[in-house]
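# Residue-level structure breakdown
Chain residues, written in single-letter form:
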Amino acid sequence: MSKTAVITGGAQGIGKGIAQRLGNDGFNIVISDMNIDLANETAEEFKRNGFETIAVEGNVSNQDDQFALVSKAAEQFGSVDVFVNNAGIDQVEAIEDITPDNLNKIFNVNVNGTVYGTQAAAKQMKKQDGIGKIINACSIAGKTAFELLGAYSATKFAVNGLTQVSAKELAQFDITVNAYCPGIVGTSMWDRIDAGMVDYKGLEPGQAWEQQVNSIPLQRSQTPEDVANLVSYLASSDSDYMTGQAINIDGGIEVH
């Protein structure tokens, strides 16, 4: 029986890149997203490429939605072998400007969502034979803080810790838990950072982005495919002896 991978926030961006790669690897693909129209569009695209795919509407910050997602995946395909806690949001604000509402919002999605996804996946994986794999979206900002990303960095530091704890608690059930830590990806988040730096550091528009890309040893920004290549390894049997790790995939920014 073929294996099944669930990807939250899988309708676009890095999540779609991960779903595409895991589909190419032979997994059945379950795309979860709040934007069900976009999720359905992505699922139809994948079906045209020969993937076995379904789309499920869900909000990762809602625990019931996460458990319903896993139930639908198992009902459709018989198992959940890989669960990717990919969905997340960012905020670009100076620490003095963070409001209670914004702080709660980003923690609800990035941290609570990871907890609920892990809970739902683990419950299902315990019923199955073989090794289950939970893969979390962390960030290099979950290891080193960046200006204007205080709340975002705090959530990713939390995801790093949750990855380690989950790995220790779930190892006895043959469930591994690891995380991927992207660097500078050309997304709307970096558009907001660049705009924020105009006022914060007096830079010209586009200057912060240029400086960040020039700081990458490999001298280019990151693509969703770069991240998906690492997730493919973490989802494969080649990583069966790896757990509790948050692995940088950043072009060499964070070299220790």
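Residues numbered from 1 in each chain as written. Predicted model: local features only at pLDDT ≥ 70, side-chain atom pairs only at ≥ 80, totals over all residues. Heavy atoms only, no water.

Tallied over the full model, the rule gives 2 aromatic pairs. The side chain of lysine 126 reaches across the aromatic face of phenylalanine 173, ending 4.2 Å from its centre. (Phe/Tyr/Trp six-rings, centres within 6.5 Å; stacked < 30°, edge-to-face > 60°. Lys NZ or Arg CZ within 6 Å of the ring centre and 35° of its normal.)

Reading across the sheet, the 7 strands line up as S3-S2-S1-S4-S5-S6-S7 and stay open at both edges, with parallel pairing between neighbours. The sheet is open, and its two borders are formed by strand S3 (53-57) and strand S7 (246-249), each paired with just one other strand. Taking each pair of neighbouring strands and ignoring which way they run, the sheet shows an average axis angle of 20 degrees. Two strands pair when backbone bridges link them, and strand S5 (residues 132-137) and strand S6 (residues 175-182) are joined in this way by 6 bridges, in the parallel orientation. When the bridges of S6 are listed, glycine 132 appears paired with isoleucine 175. Contacts from helix H1 (residues 13-24) reach strand S1 (4-8), strand S2 (28-33), strand S4 (82-85) and S6, with the element oriented near 175 degrees to S1. Taken strand by strand, helix H5 (residues 150-170) contacts S5, S6 and S7, and its axis lies near 160 degrees from that of S6. (Pairing = 2+ DSSP bridges. Helix = DSSP H or I, 4+ residues; strand = E, 2+ residues; numbered from the N terminus. Axes fitted to C-alpha atoms, helices over the stretch in contact; angles between N-to-C directions. Contact = heavy atoms within 4.5 Å.)

This paragraph deals with the UniProt feature "active site" (unreviewed entry) in the protein chain. Summarizing the sequence annotation, UniProt attributes the feature "active site" (unreviewed entry) to Tyr152 in the numbering used throughout. Beyond its immediate stretch of four places on either side in the chain, tyrosine 152 contacts Ile89, Asp90, Gln91, Ile106, Asn110, Ser139, Ala141 and Met189. (UniProt positions renumbered as here; feature names shortened; annotations may be inferred.)

Turning our eyes to something else, we now look at the nonpolar core. Core analysis: the biggest nonpolar cluster contains 24 residues, and Ile7, Ile18, Leu22, Ile29, Val84, Ile135 and Tyr180 have the highest contact counts within it. Elements with a contribution of two residues or more to this core: S1, H1, S2, helix H2 (36-48), S4, S5 and helix H8 (224-235). For this core, the element with the highest residue contribution is H8, accounting for 6 residues. With 19 residues, the next largest nonpolar core counts Leu69, Ala73, Ala120 and Met125 among its residues. (Core = buried A, V, L, I, M, F, W, Y, C linked by side-chain atoms within 4.5 Å. Buried < 20%, exposed > 50% of the residue type's maximum accessible area, 1.4 Å probe, protein only.)

What follows covers the domain arrangement of the protein chain. What the domain assignment lists for the protein chain is domain 1 (4-183 + 224-249) and domain 2 (184-221). In this structure, domain 1 and domain 2 have C-alpha centres spaced 26 Å apart. With 10 residues of domain 1 in contact, the opposing surface of domain 2 contributes 11 residues. Summed over both partners, the interface of domain 1 with domain 2 comes to about 1,000 Å²; 65% of that surface belongs to carbon and sulfur atoms. At the boundary of domain 1 with domain 2, the tally comes to 3 salt bridges. In this structure, the salt-bridge partner of aspartate 226 is arginine 220, at a minimum N-O distance of 2.9 Å. (Domains from an automatic or database assignment. Buried area = accessible area lost by both parts, 1.4 Å probe. Salt bridge = Lys/Arg side-chain N within 4 Å of Asp/Glu carboxyl O.)

This brings us to H8. The end-to-end C-alpha separation of H8 is 16 Å, in line with the 16 Å expected for 12 residues at 1.5 Å each. Looking at the buried residues of H8, the elements they touch are H1, S4, S5, S6 and S7. (Expected span 1.5 Å × (residues − 1).)

Given a rise of 1.5 Å per residue, 12 residues ought to cover 16 Å, and the 17 Å separating the end C-alpha atoms of H1 matches this to within 8%. Every buried residue of H1 is accounted for by Gly15, Gly17, Ile18, Ala19, Leu22 and Gly23. Elements that come into contact with the buried residues of H1 comprise S1, S2, H2, S4, S6 and H8.

Following the criterion strictly, the structure yields 7 salt bridges and no others. With its nearest N and O atoms 2.9 Å apart, the salt bridge here joins lysine 133 to aspartate 240. Here lysine 133, found in strand S5, pairs with aspartate 240, found in the loop between H8 and S7; they are 107 residues apart in sequence, far enough to count as distant.

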